[in-house]
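Now for the letters of each chain:
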Amino acid sequence: MPRVLILIMILFLGLNSIRATHIVGGDFYYEYLGNDDYKITMKLYIDCYNGNPGAIESDQYAIFGIFDGNNKLVTTREVERKPGVKLSGAVYKCIVNPGDVCVERYNYEFVINLPKKAGGYTIAFQRCCRNNTIKNIVDAPGTGATYWVKIPDRTDVPIDNSPIFKKFPPIYVCNTFPLVFDHSATDKDGDSLSYELYKPYNGADKNMPRPSVPSNPPFANIWWLPGYGTDNQMKGAPILTIDPVTGELTVTPNLLGQFVIGVKVIEWRNGQIIGETLRDYQFNVVDCKAIAVANFEAKVVCSDTVFFKDKSLGTTTLTWDFGDPASGFDNNQSLEKNPYHVYSGDGDFIVKLRAWNPACEDEYNLKVKIRTPKSVDLGRDNIFCKPINEQLAVKYVDYTDILWSTGAKTASIIIKDPGKYWVRATYGLCKYSDTINLNMDPISYTKTPDSLFCDKVDALMKITNRSKNAKILWALGDTSASVKVNKEGSYPFVVYNNNCQQKDTIKFVLARITPNLGPDLFICNDFLHTLDAGPVQQGASYLWNDGSNNRLLTTSSAGTFWVKTTLKHCEKFDTMEIRNSVVSVTLGPDKHFCDSFSIVLDAGPANPGGTASYLWNNGVTTQTNHIADEGKHWVQKTDNFGCVNSDTIFINVTESPIVSLGKDTVVICVRAPIRLFAQDGFSEYLWQDGYSEKERMVELPGKYHITVTDEIGCKGSDTIIVKTDPNLLPNHIFIPNAFTPNGDGLNDVFPFDDPVLQSDYHLRIFNRWGEKVYDSDTNREPWDGKTRASDSQLDAYIWIAYYKGCDGNPKTDKGTVTIVR
């Protein structure tokens, strides 16, 4: 059915339909699929006989809340249910189906990715309200339900699948007929399981029966009505119980109606609880028509004998199996209506009754506990020397009834006060009792406290305020209340009376905290000296003159030093002085000279107010020393206190490098560059104009100077003069193919800015008709683009040049030039 239609139906039916009492129970499961994926399944049980169809339809979609380990909402998921399945199958063998009971199960399933997270996750669904005819909870029509499951933290439990109940719950329970139902579960991981009843959870309310987001954990429980509780969830004789090991649920109800039941399976791994599966369900107790019902009660008397009373209905034949094969085959069987059996020993025995008539056969099982009668024994009366903290206990924990003089009804009690105590225990018809007297005769006294002495021990040990009839015995053999001692140590003693004794010790300790900083010191030159306040004494503290409080003090300065060592109330002091004289002598860093040197080394003057003597490696004894030789030079300086210091310097001399650019003067042709270069192997090259490569090309006349520096720092230089001969032109001159005679100062003339002075140079220029427009024989100035005193046209012109090359041979060159204006 489309969701829009469902919403319209919900609005049409109204809020009462939405919160109609059609849900009778639910349980939750999860399965780990790998890669952080989980398959979540919730089974919701619906009353399809009395349930409102509109309310049932409103639950086609369920909203689930997913919460993290801090109970904070992570996300929600809306899930459509699977088609419903009507539950059938009777838990009774010989009962006529009442016919007016119908339960339908709907499954909601979805897959969700839940990354590993501290605290795991909780997944929950909430719905209101419960059936208003429920008899065991407060405000049933206003109480909802929370169905939820906890997925454990995968850091602690890497892989886990929740336990799953094997069977769906019974759709009805017959009044006054015994119910034995297998409520056990299976676990995919093979974890251990245990079972117990629990208090179901409330959720949602009348105002919001289908919340869009479930409330955050922890969830609130329902409230039991008076007379009901977790261990008494419905009326019965015997009451509802579940076997913690097998999961077998038993009850013989004796009140018609509907009851909320909570069954829990607990999942154990390596002795730790890792998870729980909860089933919250409504038991419908109805009157049933019996064809045959097997039923009985057992009465255990104060022996190994049990009397059985048949309470079967509609049966003609009975067979008993007492579950005690050790008693013999014949003794273990009976066909009597109300037999008795003498058991072969202590233990838990399963008694089986088969009852039938020609139409049907039924069976009922009941566990019987047999314990050999033994009177309780609390032990002998006792007198305590210290405050009483005694556990009194009976041997067995499964007595029918236990009552202590304190009013407690447990198997054991804790006693803290002296007095007379009794216990009465009942098992079947057996009654046992015992009494014990617990008294106190404690030792009390006041002793001289443990003491710390600063210089010597001189004390009187006293034991005062002794309890009545208490006596004293010192380890020294003395029995008096006070003893004089003058040595440190531990002094044991015993205070005792007729019933108790108390051993104790008085300790006297001598404070060994005498600091010794040693004698005063005179230290030459720079120093680092550590002062020690003395051996480590537990609990001691230290205070130095500079405010520090460590046992050690390190100093590099002269002065007066003191330390105070404290241990509780004891204090000891010591003082010492450090004097210092620093002889300062510094000849400076090692030096390097080029070619030659002359230097005066100075060892420095004496300290103010003092004197100094000197000794140089060359025997000089003055403060300064003139040095003209390379090598190692040292000086030793001594002050008037006898303190000595020295320094050493190394002096090295190397020759300056030699560089050559060739001849001092060189003549080159006009516009014929020449390469100047210095030799390889120097660290730095520097020309007079700042150029820093070792070689360069020059074509202009002038003086060229280079300075080179070697790896030590010594320098060498050379100079060359470059001249040009105007009568020498290059073997091939470069003549441009265009110029712009527009008066802007750039390329205004052709072919060169300056006239060519070589006598053999001859340039002729012709226009395209062969007319000569320029001749250098008549005009030595460069051509300015004019012909016949007027500007030449924008055109290409032919030129022919004759000249003598740099090699002395005549040359001819020709080409075209274009005027661009």
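Rules of the game
- Residues numbered from 1 in each chain as written.
- Predicted model: local features only at pLDDT ≥ 70, side-chain atom pairs only at ≥ 80, totals over all residues.
- Heavy atoms only, no water.
- Helix = DSSP H or I, 4+ residues; strand = E, 2+ residues; numbered from the N terminus.
- Rg over C-alpha atoms; globule rule 2.2 N^0.38 Å.
- Contact = heavy atoms within 4.5 Å.
- Areas by Shrake-Rupley, 256 points an atom, 1.4 Å probe, with all protein chains shown as cover.
- Disulfide = S-S within 2.5 Å.
- Buried < 20%, exposed > 50% of the residue type's maximum accessible area, 1.4 Å probe, protein only.
- Phe/Tyr/Trp six-rings, centres within 6.5 Å; stacked < 30°, edge-to-face > 60°.
- Lys NZ or Arg CZ within 6 Å of the ring centre and 35° of its normal.
- Pairing = 2+ DSSP bridges.
- Axes fitted to C-alpha atoms, helices over the stretch in contact; angles between N-to-C directions.
- Salt bridge = Lys/Arg side-chain N within 4 Å of Asp/Glu carboxyl O.
- pLDDT = per-residue confidence, 0-100.
- 1 Å grid on protein atoms, 1.4 Å probe; cavity = no way out; pocket = protein on both sides within 12 Å on 5 of 7 lines; lining within 4 Å.
- Points joined across faces, edges and corners; volume = space filled by probe spheres on them.
- Nonpolar A, V, L, I, M, F, W, Y, C, P; charged D, E, K, R; others polar.
- Core = buried A, V, L, I, M, F, W, Y, C linked by side-chain atoms within 4.5 Å.
- Lys, Arg positive; Asp, Glu negative; His and termini not counted.
- Polar contact = N/O pair within 3.5 Å; in protein donor to acceptor, adjacent residues only side chain to side chain.
- Patch = residues over 30% accessible without salt bridge, like charges linked within 9 Å, V, L, I, M, F, W, Y side chains within 5 Å.

Draft legend 1. View of the overall build of the protein chain. When you go through the protein chain residue by residue, the secondary structure sums to three helices and 64 strands. In summary, the protein chain has a C-alpha radius of gyration of 59 Å against a globular reference of 28 Å for 821 residues, an excess of more than 25%. For the protein chain, the spread of C-alpha atoms along the three principal axes comes to 165 × 110 × 55 Å. By sequence separation, contacts in the protein chain at least 24 residues apart represent 60% of the contacts at least 6 residues apart. Surface accessibility of the protein chain: about 43500 Å² in total, with carbon and sulfur atoms responsible for 50%.

Draft legend 2. Inspection of the state of the cysteines at higher detail. Under the criterion given, the structure shown has eight disulfides. What pairs with Cys94 in a disulfide is Cys360, and their sulfur atoms sit 1.8 Å apart. Residues Cys94 and Cys360 share a disulfide whose torsion about the S-S bond is about -80 degrees; that sign makes it left-handed. With a gap of 266 residues between them, Cys94 in the loop between β5 (85–86) and β6 (95–96) and Cys360 in strand β26 (residues 360–370) connect regions that are remote in the sequence. What pairs with Cys174 in a disulfide is Cys288, and their sulfur atoms sit 2.0 Å apart. Across the disulfide from Cys174 to Cys288, rotation about the S-S bond amounts to roughly -85 degrees, and the bridge is consequently left-handed. Here Cys288 lies in the loop between β18 (272–286) and β19 (289–290) and Cys174 lies in strand β11 (residues 173–174), a separation of 114 residues in the sequence. Given the relative accessible area of 15%, Cys288 is considered buried.

Draft legend 3. Looking closely at the packing of aromatic side chains. Per the stated rule, a full pass over the model turns up 31 aromatic pairs. Seen from their ring centres, Tyr92 and Tyr172 are 6.3 Å apart, and the 20 degrees between their planes marks the pair as stacked. A residue pair is termed long-range when its members are at least 10 positions apart, and Tyr92 in the loop between β5 and β6 and Tyr172 in the loop between β10 (164–165) and β11 qualify at 80 residues. Each ring, one from Trp474 and one from Phe493, has its centre 5.1 Å from the other, and the planes form 50 degrees; the classification is tilted. One end of the pair, Trp474, is in strand β36 (residues 471–474); the other, Phe493, is in strand β38 (residues 489–496), and 19 residues separate them in sequence. Phe493 sits in the buried class, given a relative accessible area of 2%. For Arg424, the ring lying beneath its charged end belongs to Trp422, and the centroid distance is 4.0 Å.

Draft legend 4. Quick peek at the sheet that holds strand β45 (residues 570–581). What the four strands build is an open sheet, ordered β40-β45-β44-β42; its pairing is mixed. Edge positions in the open sheet fall to β40 (521–524) and β42 (541–544), since each of these has one partner strand only. Within this sheet the neighbouring strands show an average axis-to-axis angle of 25 degrees, counted without direction. Where strand β44 (residues 559–567) lies against β45, nine bridges are found, and the strand directions are antiparallel.

Draft legend 5. Focus on the pattern of salt bridges. Summed over the entire model, instances satisfying the criterion amount to 29 salt bridges. Note that Arg279 is salt-bridged to Asp27, the shortest N-O span being 2.8 Å. Placement of the pair is Arg279 in strand β18 and Asp27 in strand β1 (residues 23–34), with a sequence separation of 252 residues. A residue is classified by how much of its surface remains accessible, and Arg279, at 2% relative accessible area, is buried. Look at the salt bridges and you will find they share partners, linking Asp160, Asp189, Asp191 and Arg269 into a network.

Draft legend 6. A look at the sheet that holds strand β34 (residues 451–453). The mixed open sheet is built from four strands, whose spatial order is β34-β39-β38-β36. The open sheet has two edge strands with one neighbour each: β34 and β36. Going from strand to strand, the sheet's axes swing by 25 degrees on average, the running direction of each strand aside. One ladder, built from eight bridges, connects β38 with strand β39 (residues 501–510); its direction is antiparallel. Paired with Val494 across the two strands is Lys503, which belongs to β39.

Draft legend 7. Geometry of the environment of Leu240. With respect to the helices and strands, the residue Leu240 is situated in the loop between β14 (192–197) and β15 (241–242). C-alpha of Leu240 to C-alpha of Asp455: the two residues are 215 residues apart in sequence and 79 Å apart in space. Ignoring anything within four residues of it in the chain, the contact list for Leu240 reads Leu197, Asp231, Gln233, Met234, Leu249, Thr250, Val251, Ile261 and Phe283.

Draft legend 8. Focus on the confidence of the model for the protein chain. When pLDDT is averaged along the protein chain, the result is 89, and 96% of the positions lie at 70 or above. Taking the mean pLDDT of every element in the protein chain, the minimum, 38, falls on helix α1 (residues 3–13) and the maximum, 97, on strand β8 (residues 121–127). Contacts of residues 1–20 to residues separated by more than four positions or lying in other chains number 31 contacts, the stretch itself having pLDDT below 50.

Draft legend 9. How the structure looks around the layout of surface pockets. Roughly 1100 Å³ of volume is contained in the largest pocket. What lines the largest pocket is a set of 31 residues, among which Thr241, Leu366, Lys367, Val368 and Lys369 lie closest to the centre. Within the residue set of the lining of the largest pocket, elements represented by two or more residues are β12 (179–182), β15, β16 (248–251), β20 (296–300) and β26. With six residues, β26 is the largest single contributor of residues to the lining of the largest pocket. Its residues assigned to classes, the lining of the largest pocket shows 17 nonpolar, six polar and eight charged. Its boundaries defined by the atoms lining it, the second largest pocket holds a volume of some 300 Å³. As for the second largest pocket, its lining consists of 13 residues, of which Val670, Arg671, Leu729, Asp754 and Pro755 are closest to the centre. Partitioned by chemical class, the residues of the lining of the second largest pocket number nine nonpolar, one polar and three charged.

Draft legend 10. Fine view of the nonpolar core. Membership of the largest hydrophobic core comes to 41 residues, with the highest contact counts inside it found for Tyr92, Ile95, Tyr172, Leu179, Met234, Leu240 and Phe283. Of all the secondary-structure elements, those providing two or more residues to this core are β1, β11, β12, β14, β16, β17 (257–269) and β18. The element that contributes the greatest number of residues to this core is β17, accounting for five residues. Counting residues in hydrophobic clusters, the runner-up holds 36 residues, among them Ala294, Val306, Val351 and Ile402.

Draft legend 11. Fine view of the side chain of Asp710. Summarising the element assignment, Asp710 is placed in the loop between β56 (702–709) and β57 (715–725). Of the side chains with opposite charge, Lys715 lies nearest to the buried Asp710, which makes no salt bridge, at 8.2 Å. From its side chain, Asp710 meets the backbone nitrogen of Ile712 in a polar contact 3.1 Å long. Within polar-contact distance, the side chain of Asp710 engages the backbone nitrogen of Cys714 at 2.8 Å. Those residues in contact with Asp710 that lie beyond four places of it in its chain are Glu655, Pro657 and Ser683.

Draft legend 12. Structural context of the environment of Tyr774. As for its placement among the helices and strands, Tyr774 is situated in strand β60 (residues 772–775). It is 150 Å that separates the C-alpha atoms of Tyr774 and Ser405, two residues lying 369 residues apart in sequence. Setting aside chain neighbours within four positions, we find Tyr774 in contact with Leu763, Arg764, Ile765, Asn779, Arg780, Glu781, Pro782 and Trp783.

Draft legend 13. Summary view of a nonpolar patch on the surface. Residues Phe307, Tyr340 and Val342 make up a contiguous nonpolar surface patch of about 300 Å² in total accessible area. Residue position: Phe307 is located in strand β21 (residues 305–310).

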